[in-house]
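Close look at the chain arrangement
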Amino acid sequence: MELRQLQYFVTVAQHGSFTRAARLLHLTQPGVSSQIRQLERELGHPLLDRSGRTVRLTPVGEAVLPHARAALASAAAARRAAQEFGGLRRGHVRLGMVAGAALTPPSELGTFPGLATTLAAFRQEHPGIDFSLTEDTTARMLSALRDGRLDLAVVGLPTPGNGREGDDGGSSLSGLALHTVLEVPLVAACPVDHPLADASGAGSVNGTGTGAGSAGGSGSGAGVAAPGRDALPVAALAGHPLVSTPRGTGLRTALERALAEAGVEATVGVEAAAPPQLAELAAHGLGVAVLPDPGPLPGLRVRPLTDPVPRVRIALAWPTGQPSSPPTAALVAHLRRAYPGPAAAQAPAVTAAPSAMCSSAAAPSSTSRSSGK
């Protein structure tokens, strides 16, 4: 069995004519017919019914056709892979991101590079590789990775401590490889006059206090969450409208799991795509935002959550069912070097990462193409 015989068979089956297939293949009709008969003899069954004016598939031909197409597709992919390995001179990577995934990180991140910076460095090494950047929910991106519509994604997931290992809250993570970039706790943020802003006198409100609960105990960080007496039990969120990301996001799943573990229910009254939007909505009195620590914000009181502490992680995800294309494999390796993860020794400035990288949000799908040309 030869690939060319499969190609001839697929072309005839598609167009229902030996003459038309021969013309498309730039061959003679007897040559195409002869090769297909050789294929039929090897398989031991006729694949095409030639009795009518139009050539039709036999039942065996219908069964063989998808396999013939798959074999041709695999051969084409093998050729592309071999060509792309020639110095990775060209290629394309379809990259997905949770909303607000630190394309422009704040200056306090120091040595922790933003995603745009990391992609730019990769393009300098491989100028022939371009990208399609898509923003979407974690759940939809995981589905797209499995379906082959994305090559790589930056996703938001609850940590294993908030649920079963290998579970994103909606679907299994089997068939996907994960590399955790960072892992952060979630906090509660509310207006300074909100009932949950009162930590029994501990901590500062809007930077005016000097109690033991303020960040660093100095009272200089307006709204900054601090451990210890300032912590707010998750159960205290019951009865208060919440502001969170939509369902299908890692942040929302982590929140819902923490509430369930605390044995309470709470209503998410307002949804938004990314942590900065959650904080802004909370500051305007639309509810208590649950998000990674946003840092000092005027008019906003931030308290760490406890009993349990909800955590969310930002991770790289890619499919493992088949070998990655050389451009995708090269980008995965580059990103893993740039973001070694929470287990690696990193500079102290990395502790500020949640305000930039941690977004398990969902936004309406939007795609932009960056070819660098």
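Residues numbered from 1 in each chain as written. Predicted model: local features only at pLDDT ≥ 70, side-chain atom pairs only at ≥ 80, totals over all residues. Heavy atoms only, no water.

Regarding the packing of helix H2 (residues 18-25) against helix H3 (residues 29-43)
Heads up, the condition is: To get an axis, a line is fitted to the C-alpha atoms, and for a helix only the part in contact is used. The angle between two axes follows their N-to-C directions and goes from 0 to 180 degrees. Helix and strand definitions here come from DSSP, where helices need a minimum of 4 consecutive H or I residues and strands a minimum of 2 consecutive E residues; each element is numbered from the N-terminal end. For classification purposes, angles smaller than 35 degrees are called roughly parallel, those larger than 145 roughly antiparallel, those between 65 and 115 roughly perpendicular, and all remaining angles oblique. Note on definitions: a residue-residue contact is assigned when non-hydrogen atoms from the two residues lie within 4.5 Å. All amino acids are sorted into three groups, where Ala, Val, Leu, Ile, Met, Phe, Trp, Tyr, Cys and Pro are nonpolar, Asp, Glu, Lys and Arg are charged, and the leftover types, Gly among them, are polar.
The geometry of H2 relative to H3 is characterised by a closest axis approach of 8 Å and an angle of 105 degrees between their N-to-C directions. Between H2 and H3, the angle is such that the two are roughly perpendicular. Of the residues in H3, those in contact with Phe18, Thr19, Ala22 and Leu25 of H2 are Gln29, Val32, Ser33 and Ile36. Taken together, the residues that form the contact of H2 with H3 break down as five nonpolar, three polar and no charged.

Some details on the packing of helix H1 (residues 3-15) against H3
Remark: H1 packs on H3, axes separated minimally by 9 Å, with the N-to-C direction vectors making an angle of 110 degrees. Relative to H3, the element H1 is oriented roughly perpendicular. On the side of H1, the interface is formed by Arg4, Gln5, Leu6, Tyr8, Phe9 and Val12, while H3 contributes Val32, Gln35, Ile36, Gln38, Leu39 and Glu42. Its residues placed into classes, the contact of H1 with H3 shows seven nonpolar, three polar and two charged.

Points about the nonpolar core
As a reminder, the rule being used: Residues belong to one nonpolar core when they are buried, are Ala, Val, Leu, Ile, Met, Phe, Trp, Tyr or Cys, and are joined through side-chain atoms within 4.5 Å. Think of it in three bands: with a 1.4 Å probe and only protein chains considered, a residue is buried below 20% of the maximum accessible area for its type, exposed above 50%, and partly exposed in between.
With 65 residues, the main nonpolar core has Leu142, Leu152, Val155, Leu237 and Leu331 as its most contacted residues. With 10 residues, the top contributor of residues to this core is strand E6 (residues 176-191). Residues Tyr8, Phe9, Ala22 and Leu72 belong to the second largest nonpolar core, which totals 17 residues.

As for unusual backbone geometry
Cis geometry marks the peptide bond from Asp307 to Pro308, where omega comes out at 0 degrees. Structurally, Pro308 is set in the loop between strand E11 (300-306) and strand E12 (311-319). Although it is not a glycine, His26 adopts a positive phi angle of roughly 60 degrees. Within the secondary structure layout, His26 lies in the loop between H2 and H3. The backbone of Asp307 shows a phi angle near 55 degrees, a positive value even though the residue is not glycine. Mapped onto the fold, Asp307 is located in the loop between E11 and E12.

Looking at the environment of Val55
If you trace the backbone, Val55 turns up in the loop between strand E1 (48-49) and strand E2 (56-57). Look at Val55 and you get buried, because its relative accessible area is 15%. With 37 residues separating them along the chain, Val55 and Phe18 place their C-alpha atoms 7.7 Å apart. Sequence-distant contacts of Val55, that is, excluding residues within four places in its chain, are made with Val12, Gly16, Ser17, Phe18, Leu48 and Asp49.

Quick notes on the environment of Ala266
Inspection of the secondary structure puts Ala266 in the loop between helix H7 (250-262) and strand E9 (268-271). In the structure, Ala266 is positioned 28 residues away from Ala238 in sequence and 4.8 Å away in space, judged by C-alpha atoms. Not counting residues within four places of it along the chain, the set of residues in contact with Ala266 comprises Leu237, Ala238, Leu242 and Leu259.

Description of the pattern of salt bridges
Using the following cut-off: By convention in these notes, a salt bridge is any Lys or Arg side-chain nitrogen within 4 Å of a carboxyl oxygen on Asp or Glu.
For the structure shown, the criterion picks out 10 salt bridges. Note that Arg149 and Asp147 form a salt bridge whose closest N and O atoms lie 3.1 Å from each other. Given the relative accessible area of 47%, Arg149 is considered partly exposed. Among the salt bridges present, the one from Asp230 reaches Arg301, with a minimum N-O distance of 2.8 Å. One end of the pair, Asp230, is in the loop between E6 and strand E7 (232-233); the other, Arg301, is in strand E11, with 71 residues separating them in the sequence. Salt bridges here are not isolated pairs; linked through shared partners, they connect Arg247, Arg252, Glu256 and Glu271.

With respect to the side chain of His194
Tracing the backbone through its elements, the reader meets His194 in the loop between E6 and E7. Those residues within four positions of His194 in sequence are excluded, and the remaining contacts are His240 and Val288.

Some points on H3
Since the α-helix advances by 3.6 residues per turn, residues separated by three or four positions end up pointing in the same direction. What counts here: Expected helix span is taken as 1.5 Å per residue step, with the number of steps being one fewer than the number of residues. Each C-beta atom gives one direction from the helix axis, and the arc is the one those directions make.
Taking 1.5 Å of rise per residue, 15 residues should cover 21 Å, and H3 covers 21 Å from first to last C-alpha, within 8% of that figure. Of the residues making up H3, those classed as buried are Val32, Ser33, Gln35, Ile36, Leu39 and Glu40. Buried residues along H3 cover an arc of 165 degrees about the axis, so they all sit on one side. Exposed and facing more than 90 degrees away from the buried side of H3 are Pro30 and Arg41. Each element contacted by the buried residues of H3 is listed here: H1, H2 and E1.

Considering the pairing of E12
The condition that has to hold: Whether two strands pair comes down to DSSP finding at least two bridges between them.
Burial within E12 is extensive, with seven of its nine residues counted as buried. In this sheet, E12 lies alongside strand E5 (residues 152-158) in antiparallel orientation, the contact comprising six bridges. Bridge pairing in E12 places Pro158 opposite Val312. As paired elements, E6 and E12 share nine bridges and run antiparallel to each other. Bridging from a neighbouring strand, Thr180 pairs with Ala315 of E12.

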